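Structural description and commentary
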Amino acid sequence: MAQNRAKEEESINKENKEQKEEDFGYNLYPERGSSKFKQGSIGESLFTFKHKCQIMLQFAMDTSPYAKLLLGAMKSSGCTVYKDRHFSCEDCDGTVSGGFDAVTSQIVLCQNNIHQQAHMNRVVTHELIHAFDHCRARVDWFSNFRHLACSEIRAANLSGDCSFVNEMSRFNFGLKEHHQACVRSRALRSILAVRKVSREEAEQVVDEVFDSCFHDHAPFSRIPHSKKDAKFAHRDYENRDRYYANL
């Protein structure tokens, strides 16, 4: 019996060690664990980019058709998003612009890496898609690799990350199925940033779920390839119940 107990303790210690080694990308967001300034303090506003970040966030929530549609969809799904509760402007590692913390249901905006409104709009939209997936489905972010890959594919596909203008700014050119290639590439990039897996393993999982997740456009009625598309999608979403209301 003592031998079995020793084996059990060894197994538990091994599992705990593996969990510590797999930080799930939290090392990219150092303020998740502790903050130099108390949230909302004067020191925080004066000595960080937080004030500018919060202004750009509010502007994105008020004016971006992508964000407005997602916020409306989450409210309809019973997951109303509150600016002060569900968004946090923080300093991050230089390689990331934002993230979704499933433990706290909070979107992290990297105030030291977001300097333009257009960039803020894309980051808010990208992370709101993760939040929407978290709201509508039982996403196992930490144990089910396929769930993570699916949400990253959807976020890259629907957030405008792969719009023609953005791809041109990255000097990425292509014609046939270029959008699909961009979505794959950015989904892989996001996965590799937050998981300690090989590129081959990440590519395999993305391939397994790509078709079904790429064609899941919820809550958009179409892939919003541009701001104009997003405006039409938002209009359609706002008017979705008008026909039945008039019956």
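Below is a short write-up of the structure. Note that the structure is predicted; figures quoted are calculated from it, not measured.

What follows is about the pairing of strand E2 (residues 98-101). Here E2 shows a buried face lined by Gly 98 and Phe 100 and a second buried face lined by Gly 99 and Asp 101. Adjacent in sequence and paired antiparallel, E2 and strand E3 (residues 106-110) are bridged by four residues, among which Ser 105 carries a positive phi angle near 55°.

The subject of this paragraph is the environment of Gln 106. With respect to the helices, strands and loops of the structure, Gln 106 is situated in strand E3. Classification of Gln 106 as buried rests on a relative accessible area of 14%. Placed 21 residues apart in sequence, Gln 106 and Arg 85 show a C-alpha to C-alpha distance of 7.4 Å. Setting aside anything within four residues of it in sequence, one finds Gln 106 in contact with Arg 32, Arg 85, His 86, Phe 87, Ser 88, Gly 99, Phe 100 and Asp 101. A distance of 2.9 Å separates the side chain of Gln 106 from the side chain of Arg 32, its partner in a polar contact. Of note is the side chain of Gln 106, whose polar atom sits 3.1 Å from the backbone oxygen of Arg 85.

Every second residue of strand E1 (residues 87-90) is oriented toward a common face, with Phe 87 and Cys 89 on one face and Ser 88 and Glu 90 on the other, all of them buried. Where E1 meets E3, four bridges bridge the pair, whose relative direction is parallel. When the sheet's bridge partners are listed, Phe 87 is paired in E3 with Ile 107.

Another aspect to go through is the state of the cysteines. If you walk through the whole model with that rule in mind, you get five disulfides. With its sulfur 2.0 Å from that of its partner, Cys 53 forms a disulfide with Cys 89. Of note, the bridge from Cys 53 to Cys 89 carries an S-S torsion of about -80° and is left-handed in sense. Of the two residues, Cys 53 is situated in helix H3 (residues 50-63) and Cys 89 in strand E1; the sequence distance between them amounts to 36 residues. Like Cys 53, the residue Cys 89 is buried in the burial classification. Each sulfur in the disulfide pair Cys 92 and Cys 110 lies 2.3 Å from the other. Here the S-S torsion is close to -90°, and the disulfide linking Cys 92 with Cys 110 is therefore left-handed. Pair noted here: Cys 92 is in the loop between E1 and E2 and Cys 110 is in strand E3, with a separation of 18 residues, a long-range link.

In contact at an axis separation of 8 Å, helix H7 (residues 145-158) and helix H9 (residues 178-194) are set at 130° when each is read in the N-to-C sense. Compared by their axis directions, H7 and H9 come out oblique. By crossing handedness, the relation of H7 to H9 is classed as right-handed. Contacts between H7 and H9 involve Phe 145, Leu 148, Ala 149, Glu 152, Ile 153, Ala 156 and Asn 157 from the first element and His 179, Val 183, Arg 186, Ala 187, Ser 190, Ile 191 and Val 194 from the second.

Turning to the packing of aromatic side chains, a few remarks are in order. Summed over the entire model, instances satisfying the criterion amount to three aromatic pairs. Centroid distance Phe 210 to Phe 214: 5.2 Å. Interplanar angle 20°. Geometry classified as stacked. In this pair, Phe 210 and Phe 214 are both assigned in helix H10 (residues 199-214), four residues apart and thus about one turn of the helix distant. Each member of the pair, Phe 210 together with Phe 214, is buried.

Conventions adopted
- Residues numbered from 1 in each chain as written.
- Predicted model: local features only at pLDDT ≥ 70, side-chain atom pairs only at ≥ 80, totals over all residues.
- Heavy atoms only, no water.
- Buried < 20%, exposed > 50% of the residue type's maximum accessible area, 1.4 Å probe, protein only.
- Helix = DSSP H or I, 4+ residues; strand = E, 2+ residues; numbered from the N terminus.
- Pairing = 2+ DSSP bridges.
- Contact = heavy atoms within 4.5 Å.
- Polar contact = N/O pair within 3.5 Å; in protein donor to acceptor, adjacent residues only side chain to side chain.
- Disulfide = S-S within 2.5 Å.
- Axes fitted to C-alpha atoms, helices over the stretch in contact; angles between N-to-C directions.
- Parallel < 35°, antiparallel > 145°, perpendicular 65-115°, else oblique.
- Left-handed = near helix turned anticlockwise from the far one by under 90°.
- Phe/Tyr/Trp six-rings, centres within 6.5 Å; stacked < 30°, edge-to-face > 60°.

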